[in-house]
2 protein chains.
Amino acid sequence: MEFSSKLLENAVYEISQLPGIGKRTALRLALHLLKQPKDQTTALSSSLLKLREEIKFCTNCHNISDVALCEICANPKRDESLVCVVEDIRDVMAIENTGQYRGLYHVLGGRISPMEGVGPQNLTINSLVSKSKEGIIKELIFALSSTMEGDTTNFYIYKQIESLDVKTSTIARGIAVGDELEYADEVTLGRSILNRVPFENSLKL
Amino acid sequence: MEFSSKLLENAVYEISQLPGIGKRTALRLALHLLKQPKDQTTALSSSLLKLREEIKFCTNCHNISDVALCEICANPKRDESLVCVVEDIRDVMAIENTGQYRGLYHVLGGRISPMEGVGPQNLTINSLVSKSKEGIIKELIFALSSTMEGDTTNFYIYKQIESLDVKTSTIARGIAVGDELEYADEVTLGRSILNRVPFENSLKL
């Protein structure tokens, strides 16, 4: 693309560095900002800068937080002996939305992926292991995505805390509520039969 | 969505003000920026601010430009008696890419759309009309989108310059080169028959 303005070209280049945004979309967004009041662009760029520069992470669970100890970790009503291990803040938000979980979280910040250059040292695994050694945590629930990277990460952590007196579990994989059996993939359907639960359990929900 | 951080919430809100970007995508983009070096966020926000604050428009054709007279208008080799009327800079870029046009442009900045609150006074129509009265322009080529708004805008401009000694034309609508007739819509196919061109013309290309 040939631009008539260097300013526009720069802005389009920077916007197109974002994931899933190509040059065409970037141009559309830049032209949109030009048509809006200046305030909108000022608010957008200052909020991005502020986010990047002032962001803090909870010292206990490593979730994004404006204070040293996040709301969840600071809540005395939550069960600190139960810790759910997730990849990032979006997983925390998803689980919190269910209203079914009263324990704490541990945010890894990603998963082990040699392809993307992410090793165990880039994640908060050491902090999780040392927390587990303190003896407060009774159960770790692995809620990572069921990909090869997720499984690798689960296994890596498991190996490090195997000898400790900490129970480990993973979230149940199975047919989604309301889904038809005939459209389910074989692996999921197979797992849902192997990991079947007593019928009485389903009556309690 | 409930956020654990006000900074993150603000950034997500501002990003989701952009067209076609919802809250989920905005969150994904914000988390992406957090994982990248600080420089990227700084470059992005400063390029947006610079674009919005320092942007200039060519005084002649109203295209985005860093100088008072854009490259195209300043080029003595271009035919100033021929002016192509377009909606925005993307159309200029598309036509320039063809390498087939040696005249100048006039960028309207949009099209008349009462639904979106865009009237003739929001566009650069007055400037086009007064340019036409100067007697330099011999032909105006309307290259607006063939929607109701585009047609309205064409007609509005046409009515204002009707009495002047300026030829008007619109770009040809027809079957795209390489397309199959059977998949074309009726309106386009109908127009392509009504506006057929002498066979010898196609030999020259």
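Cut-off values and rules
- Residues numbered from 1 in each chain as written.
- Chains lettered and ligands numbered in written order.
- Predicted model: local features only at pLDDT ≥ 70, side-chain atom pairs only at ≥ 80, totals over all residues.
- Helix = DSSP H or I, 4+ residues; strand = E, 2+ residues; numbered from the N terminus.
- Rg over C-alpha atoms; globule rule 2.2 N^0.38 Å.
- Buried ≥ 20, exposed ≤ 12 C-beta atoms within 10 Å, placed from the backbone.
- Contact = placed C-beta atoms within 7 Å.
- Least-squares fit on C-alpha atoms with pLDDT ≥ 70 in both.
- Pairing = 2+ DSSP bridges.
- Axes fitted to C-alpha atoms, helices over the stretch in contact; angles between N-to-C directions.
- Nonpolar A, V, L, I, M, F, W, Y, C, P; charged D, E, K, R; others polar.
- Domains from an automatic or database assignment.
- Right-handed = clockwise from strand over helix to strand, strands pointing away.
- Parallel < 35°, antiparallel > 145°, perpendicular 65-115°, else oblique.
- Left-handed = near helix turned anticlockwise from the far one by under 90°.
- Expected span 1.5 Å × (residues − 1).
- Arc of directions from axis to C-beta.

Novice: Which parts of the structure should I look at to understand the overall build of chain A?
Specialist: Along chain A, the regular secondary structure elements total nine helices and six strands. The C-alpha atoms of chain A give a radius of gyration of 22 Å, which is well past the 17 Å a tight globule of 205 residues would have. For chain A, the spread of C-alpha atoms along the three principal axes comes to 65 × 45 × 35 Å. In chain A, which comprises 205 residues, the share counted as buried stands at 27%. Contacts in chain A between residues at least 24 apart in sequence constitute 46% of all its contacts with a sequence separation of at least 6.

Novice: Quick question: what am I supposed to make of the relation of the copies chain B and chain A here?
Specialist: Both copies of the chain are tied together by a single rotation about an axis and a shift running along it. With an RMSD of 0.0 Å, the fit of chain B onto chain A corresponds to turning through 180° and sliding 0.0 Å along the axis. Both chain copies can therefore be described as sitting about a two-fold axis. No C-alpha of chain B lies nearer the rotation axis than that of Ser45 of chain B, which sits 2.2 Å from it. Take the interface residues of chain B: 100% of them recur as interface residues in chain A, which is what a same-surface contact looks like.

Novice: So what exactly am I meant to see when it comes to the sheet that holds strand β4 (residues 103–107) of chain A here?
Specialist: Strand pairing within a sheet occurs via backbone hydrogen bonds; the two strands may be parallel or antiparallel. Residue and element names in this part refer to chain A. Spatially, the four strands line up as an open sheet ordered β4-β3-β5-β6, and their pairing is parallel. Two strands close off the open sheet at either side, each with one partner strand: β4 and β6 (167–170). Mean inter-strand twist for the sheet, computed between neighbouring axes without regard to direction, equals 25°. Bridge count for strand β3 (residues 79–86) against β4 is five bridges, and the pairing is parallel. Among the inter-strand pairings, Asp79 is bridged to a residue of β4, identified as Gly103.

Novice: Even after reading the chapter, I still don't get the interface of chain B and chain A, so can you show me in this structure?
Specialist: Buried accessible area, meaning the area lost when the parts come together, often serves as the stated size of an interface. Each partner contributes to the interface: chain B provides 47 residues, whereas chain A provides 47 residues. Elements represented by at least two residues in the side of chain B that touches chain A include exactly α1 (6–15), α2 (23–35), α3 (38–54), β2 (64–65) and α5 (89–98) of chain B. A per-element tally of the side of chain B that touches chain A places α3 of chain B first, with 14 residues. In the side of chain B that touches chain A, the residues fall into 23 nonpolar, twelve polar and twelve charged.

Novice: Would you mind showing me how to read the domain arrangement of chain A here?
Specialist: Under the domain assignment used here, chain A contains domain 1 (6–54) and domain 2 (66–171). For domain 1 of chain A versus domain 2 of chain A, the distance between C-alpha centres works out to 34 Å.

Novice: What should I look at first to understand the sheet that holds strand β5 (residues 139–142) of chain B in this one?
Specialist: All names here are of chain B. If you trace the four strands from one edge of the open sheet to the other, you get β4-β3-β5-β6, paired in parallel fashion. Edge strands, defined here as strands with exactly one partner in the open sheet, are β4 (103–107) and β6 (167–170). Here the average twist between neighbouring strands, direction ignored, is 25°.

Novice: Please clarify how the pairing of strand β3 (residues 79–86) of chain B should be interpreted in this entry.
Specialist: Within a regular strand, side chains alternate between the sheet's two faces. Residues and elements named next belong to chain B. As a crossover connection, the stretch from β3 through α5 into β4 is right-handed. Examined bridge by bridge, β3 and β5 share four bridges and lie parallel to one another. Following the sheet pairing, Val83 is matched in β5 by Leu140.

Novice: What is the right way to read the environment of Asn63 of chain B from this model?
Specialist: In this structure, Asn63 of chain B sits in the loop between β1 (56–57) and β2. In this structure the C-alpha to C-alpha distance between Asn63 of chain B and Tyr101 of chain B, which are 38 residues apart in sequence, comes to 16 Å. For Asn63 of chain B, the residues in contact, after removing those within four places along its chain, are Ser4 of chain A together with Phe57, Cys58, Cys70, Ile89, Val92, Tyr105 and Val107 of chain B.

Novice: How do you make sense of the packing of helix α3 (residues 38–54) of chain A against α1 of chain B when you look at a structure like this?
Specialist: Angle between the axes and distance between the axes are the two parameters that describe a pair of packed helices. As a packed pair, α3 of chain A and α1 of chain B sit with axes 9 Å apart at the nearest point and diverge in direction by 150°. Taken as axis vectors, α3 of chain A and α1 of chain B run roughly antiparallel relative to one another. Handedness of the α3 of chain A/α1 of chain B crossing: left-handed. Between α3 of chain A and α1 of chain B, the contacting residues are Ala43, Leu44, Ser47, Leu48, Lys50, Leu51 and Glu54 of chain A on the first element and Leu7, Leu8, Asn10, Ala11, Glu14 and Ile15 of chain B on the second.

Novice: Explain α3 of chain B here, please?
Specialist: For an α-helix the count is 3.6 residues per turn, leaving residues at separations of three or four pointing the same way. The terminal C-alpha atoms of α3 of chain B lie 24 Å apart, and with 17 residues this matches the ideal 24 Å at 1.5 Å per residue to within 8%. Looking only at α3 of chain B, the buried set comprises Thr41, Leu44, Ser45, Ser47, Leu48, Leu51 and Arg52 of chain B. Down the axis of α3 of chain B, the buried set is contained in an arc of 155°. They therefore lie on one face. Residues Lys38, Asp39, Glu53 and Glu54 of chain B are exposed on α3 of chain B and point more than 90 degrees away from its buried face. The elements touched by buried residues of α3 of chain B are α1 (6–15), α2 (23–35) and α3 of chain A together with α2 of chain B.

Novice: It is not clear to me how the environment of Ile137 of chain B should be interpreted in this structure. Could you clarify?
Specialist: Looking at the secondary structure, you find Ile137 of chain B in the loop between α6 (125–133) and β5. Ile137 of chain B sits 55 residues away from Leu82 of chain B along the chain, and the two C-alpha atoms are 6.0 Å apart.

Novice: What exactly am I supposed to notice about unusual backbone geometry here?
Specialist: Peptide bonds are trans in most cases, and residues, glycine excluded, mostly fall at negative phi. Residue and element names in this part refer to chain A. Located in the positive-phi region is His62, a residue other than glycine, with phi close to 65°. Topologically, His62 is positioned in the loop between β1 (56–57) and β2 (64–65). The exposure class assigned to His62 is buried, which follows from the 21 C-beta atoms found within 10 Å.

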